[in-house]
Amino acid sequence: MLSKELQDEVLALDEDDKLELLRLLLSDPTMSKYAFDPMGIRGNYEIAANLMELMEEEKSKSVSSIE
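What you see is a predicted model, and the numbers here were worked out from it, not measured in a lab.

### Quick notes on helix 2 (residues 15–27)
Right, so step 1: Between the first and last C-alpha of helix 2 there are 18 Å, a value that for 13 residues agrees with the 18 Å anticipated at 1.5 Å per step.
Right, so step 2: At the N-terminal boundary of helix 2, the capping side chain belongs to D14, with an oxygen 3.3 Å from the backbone nitrogen of D16.

In structure tokens:
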């Protein structure tokens, strides 16, 4: 069980620090099973790779349009 002191410290974090803490916890193999994964990407590496490619294409398009 968490100590009251640790709970208070976590609750006192700002939004960015809470998000970083959440990311750290979800990257822990024992906690990753609790991460929200509505598209099932975590278990399907092919879909995840395709999504990453699409995101990179969109990113390069937006950078090109800015220039």
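### Overview of a negative patch on the surface
Right, so step 1: Together, D14, E15, D16, D17 and E20 line one region of the surface with negative charge.
Right, so step 2: Inspection of the secondary structure puts E20 in helix 2.
Right, so step 3: The class of E20 is partly exposed, set by a relative accessible area of 40%.

### Things to note about the pattern of salt bridges
Here the idea is simple: oppositely charged side chains can pair when their charged atoms come close.
Right, so step 1: According to the stated counting rule, one finds 2 salt bridges in the structure shown.
Right, so step 2: For the salt bridge of K61 with E58, the shortest nitrogen-to-oxygen distance reads 3.7 Å. With K61 and E58 both in helix 3 (residues 45–66), this residue pair falls 3 residues apart, about one helical turn.
Right, so step 3: The exposure class assigned to K61 is exposed, which follows from its relative accessible area of 51%.

Analysis parameters
Residues numbered from 1 in each chain as written. Predicted model: local features only at pLDDT ≥ 70, side-chain atom pairs only at ≥ 80, totals over all residues. Heavy atoms only, no water. Helix = DSSP H or I, 4+ residues; strand = E, 2+ residues; numbered from the N terminus. Expected span 1.5 Å × (residues − 1). Polar contact = N/O pair within 3.5 Å; in protein donor to acceptor, adjacent residues only side chain to side chain. Patch = residues over 30% accessible without salt bridge, like charges linked within 9 Å, V, L, I, M, F, W, Y side chains within 5 Å. Areas by Shrake-Rupley, 256 points an atom, 1.4 Å probe, with all protein chains shown as cover. Salt bridge = Lys/Arg side-chain N within 4 Å of Asp/Glu carboxyl O. Lys, Arg positive; Asp, Glu negative; His and termini not counted. Charge placed at Lys NZ, Arg CZ, Asp CG, Glu CD. Buried < 20%, exposed > 50% of the residue type's maximum accessible area, 1.4 Å probe, protein only.

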